[in-house]
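# Structural characterization, general
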Amino acid sequence: MKKLLVALIICTCFGSTLTAQNIIAAKPPMGWNSYNCFGSAVHEDEVKANTDYMAKNLKAYGWEYIVVDFLWAYDNPPGSNIGNPFQMRLGDGAYVPWLTMDKWGRLMPQPNKFPSAFKGDGFKPLSDYVHSKGLKFGIHVMRGIPRQAVWAKSPVKGTNGITADMVADTNSTCTWMNHMYGLNMSKPGAQEYLNSILELYASWGVDFIKVDDLSRPYSAPEVEGYQKAIANCGRPMVLSLSPGETPVAQAVHATKYANMWRMADDFWDNWKEILHMFDYAKNWEGVGGPGHWPDCDMIQIGKLSKRGPVGQERYSRFTEDEQYTHMTFWSIYRSPLMIGGNLPENRDLELKLFTNAEVLAVNQQGENPKQLYKKDGAMVWYSHIPGNKDVYAALFNIGDNNQKVTVDFAALRLKGNVKVRNLWKKQDVGQFKNGYSQDINLHGAILLKLSPQ
């Protein structure tokens, strides 16, 4: 019933001429995001360095988005890694630190971090650089309208006399960063404000927008408002909702209005968080599909926390086996793939994990991923390959010791001899009749292609 409802929504939203070419995020988006390695303090030259690395080493494998995460309007003091500085009030009510903002109450890139924005061109020069490499450009924003715009009574572009204080919902606030008020979408001018910022982002050449503080609690009127503003601006953009835990009860709404949404809160390089992600994913099983993807959050592989936001600068704390499990599950589940580590510091291991075309095909081409079983420290997920009877199968050892993990072919409706290929090793293993078992290291995984002969 759930799949039927999702299919009906897709047809209603996009019409009967729905094709992979006219859906935004027809496949799970793949890219890089600055948050896990630079927090709020990424600089333009570092964005360009990651762009150059992706263009040279990853673009051929389908990686394409370069996303500048939060607080690009804030001037981090030299040496400061503080990611969510609370604004304070001066005697006249003005806010400090003051975020870079135009006369219409729209936040702008801080020129000390993004020098190409110095002349008021915003992210357009950086976006042009990313596009010149054959990649796509994205930004993070906090939902709503800046409190400093409300204090300044900034006019709302596209309206006649409506100001920021007339559209803000001052009772709607973010618990972890106090820069914004929510928008009261029932008030005249609220949609026009969102239209104005999306028109600005379109003029910058933005291809991807991640809107924070939107999913937990879920703000349906604002979600709809952002999607309407994207449609109004005339430039296709991926709409990503953050952070989780997005309520499963909002699956129909999220599927209709967003291209991806976080299932969980921020994910980091801790094995217990991978175990929790398996449970979140099971809750959302069957919902993902072209144009709408439950999001496991970013890939915690590579050099992390160079300037915060969690822990000391380090390579991922996951063991090598856990990193393979991480990439294997994100791939079989068809989560969006957003790398969190600083790409220029990748080693051979990271490059191997990100450039296996057979593994990435599981993420980009597999259909209807499902959990086959989860018991006794073992777990198997599978998906189907369009156009034939082949099946992708991911076998996980999630117990506390090395052990054998088995996939039963009959449970996957595979009959006769089945050819088994190990996708990580890019090797055919052989032909088997009833099932396949393999010893897997503690917290390790294997990814298979099963082809009935």
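Just above, that's the structure.
What this report covers is the structure whose coordinates are included nearby. (Residues numbered from 1 in each chain as written. Predicted model: local features only at pLDDT ≥ 70, side-chain atom pairs only at ≥ 80, totals over all residues. Heavy atoms only, no water.)

Read across the open sheet, the three strands follow the order β6-β8-β7; overall the sheet is antiparallel. Only two strands of the sheet have a single partner each, and these edge strands are β6 (145-146) and β7 (168-173). Relative to strand β8 (residues 180-183), β6 runs antiparallel, the two sharing two bridges. Looking at the pairing, Pro146 lines up with Met180 of β8. (Pairing = 2+ DSSP bridges. Helix = DSSP H or I, 4+ residues; strand = E, 2+ residues; numbered from the N terminus.)

The subject of this paragraph is the pairing of strand β21 (residues 427-432). Sheet topology places strand β20 (residues 418-422) next to β21; five bridges connect them, and they run antiparallel. Bridging across to β21, Val418 finds its partner in Phe432.

Judged by nonpolar contacts, the single largest core of 126 residues is most densely connected at Trp63, Trp72, Ile145, Leu198, Tyr201 and Phe329. Per-element accounting of this core gives the leading share, nine residues, to helix α6 (residues 190-204). Formed by 19 residues, the second largest nonpolar core is a distinct cluster that contains Phe409, Leu412, Val420 and Leu450. (Core = buried A, V, L, I, M, F, W, Y, C linked by side-chain atoms within 4.5 Å. Buried < 20%, exposed > 50% of the residue type's maximum accessible area, 1.4 Å probe, protein only.)

Across all of its chains, the model carries 26 salt bridges by this definition. Note that Glu44 is salt-bridged to Lys48, the shortest N-O span being 3.9 Å. With a gap of four residues between them, Glu44 and Lys48 both fall in helix α3 (residues 44-58), about one helical turn apart. Relative accessible area serves as the criterion here: at 6%, Glu44 is assigned to the buried category. Residue Lys48 is classed as partly exposed on the basis of its relative accessible area of 28%. Between Asp390 and Lys449 there is a salt bridge, with the nearest N and O atoms lying 4.0 Å from each other. Placement of Asp390 in the loop between β17 (378-384) and β18 (391-397) and of Lys449 in strand β23 (residues 445-452) is noted, with a sequence separation of 59 residues between them. Through salt bridges that share partners, Lys303, Lys306, Glu313 and Glu345 make up one connected network. (Salt bridge = Lys/Arg side-chain N within 4 Å of Asp/Glu carboxyl O.)

Tracing the backbone through its elements, the reader meets Asn76 in the loop between β2 (65-68) and β3 (88-89). Side-chain polar atoms of Asn76 contact the side chain of Ser40, separated by 3.0 Å. Leave out the neighbours within four places in its chain, and Asn76 touches Ser40, Ala41, Ile82 and Lys113. (Polar contact = N/O pair within 3.5 Å; in protein donor to acceptor, adjacent residues only side chain to side chain. Contact = heavy atoms within 4.5 Å.)

Paired through their backbone hydrogen bonds, the strands of a sheet run either parallel or antiparallel. Strands sit in the order β16-β17-β18-β23-β20-β21 across an open sheet of six strands; the sheet is antiparallel. Edge positions in the sheet fall to β16 (367-375) and β21, since each has one partner strand and no second. If you compare each strand with its neighbour and ignore which way they point, the axes differ by 25° on average. In this sheet, β23 lies alongside β18 in antiparallel orientation, the contact comprising six bridges. The partner of Leu395 across the bridge, within β23, is Ile446. Strand contacts of helix α10 (residues 320-333): β16, β17, β18 and β23, with the helix running at about 145° to β18, the strand carrying the most contacts. (Axes fitted to C-alpha atoms, helices over the stretch in contact; angles between N-to-C directions.)

Unoccupied space between atoms shows up once a probe the size of one water molecule is rolled over them. Counting across every chain of the model gives three cavities of 30 Å³ or more. Of the volumes computed, that of the largest cavity is approximately 210 Å³. Lining the largest cavity are 19 residues, with Trp72, Leu107, Val141, Met142 and Met180 positioned closest to its centre. For the lining of the largest cavity, the elements supplying multiple residues, two or more each, are β5 (136-142) and α6. Considering only residue class, the lining of the largest cavity consists of 15 nonpolar, three polar and one charged. Approximately 100 Å³ is the volume found for the second largest cavity. If you trace the second largest cavity, you find 13 residues lining it, with Lys210, Ser240, Met260, Asp295 and Met298 closest to the centre. (1 Å grid on protein atoms, 1.4 Å probe; cavity = no way out; pocket = protein on both sides within 12 Å on 5 of 7 lines; lining within 4 Å. Points joined across faces, edges and corners; volume = space filled by probe spheres on them. Nonpolar A, V, L, I, M, F, W, Y, C, P; charged D, E, K, R; others polar.)

Here the focus is the environment of Ala55. Its place among the elements puts Ala55 in helix α3. Taking the C-alpha atoms as reference, Ala55 lies 33 Å from Gly225; in sequence the two are 170 residues apart.

Scanning the model with the defined rule gives 24 aromatic pairs in all. Note on Phe70 and Trp176: the rings are 6.5 Å apart at their centroids and 55° apart in plane angle, and the pair reads as tilted. On the criterion of sequence distance, the pair formed by Phe70 in the loop between β2 and β3 and Trp176 in the loop between β7 and β8 is long-range, its members being 106 residues apart. Where Phe123 meets Trp204, the ring centres are 5.6 Å apart and the plane angle is 85°; that geometry is what we call edge-to-face. Residue Phe123 is located in the loop between β4 (95-96) and α4 (124-132), and its partner Trp204 is located in helix α6; the two are separated by 81 residues in the primary sequence. An identical accessibility class is assigned to Phe123 and Trp204; each is buried. What links up through ring pairs into an aromatic cluster is the set Phe267, Phe278, Phe318, Phe329, Trp330, Tyr333, Trp381 and Phe396. Here the guanidinium or amino end of Lys48 rests over the ring plane of Tyr129, the centre of that ring lying 4.9 Å away. Here the basic side chain of Arg347 rests over the ring of Tyr315, its NZ or CZ set 3.7 Å away from the ring centre. (Phe/Tyr/Trp six-rings, centres within 6.5 Å; stacked < 30°, edge-to-face > 60°. Lys NZ or Arg CZ within 6 Å of the ring centre and 35° of its normal.)

Between the first and last C-alpha of α6 there are 22 Å, a value that for 15 residues agrees with the 21 Å anticipated at 1.5 Å per step. Burial analysis of α6 places twelve of its 15 residues in the buried class, which makes it a mostly covered element. All of the buried residues in α6 are Ala190, Gln191, Tyr193, Leu194, Asn195, Ser196, Ile197, Leu198, Leu200, Tyr201, Ala202 and Trp204. Where α6 is buried, its residues touch α4, β5, β6, β8, β9 (208-212) and α7 (220-233). (Expected span 1.5 Å × (residues − 1).)

Geometric values such as these leave the question of function open.
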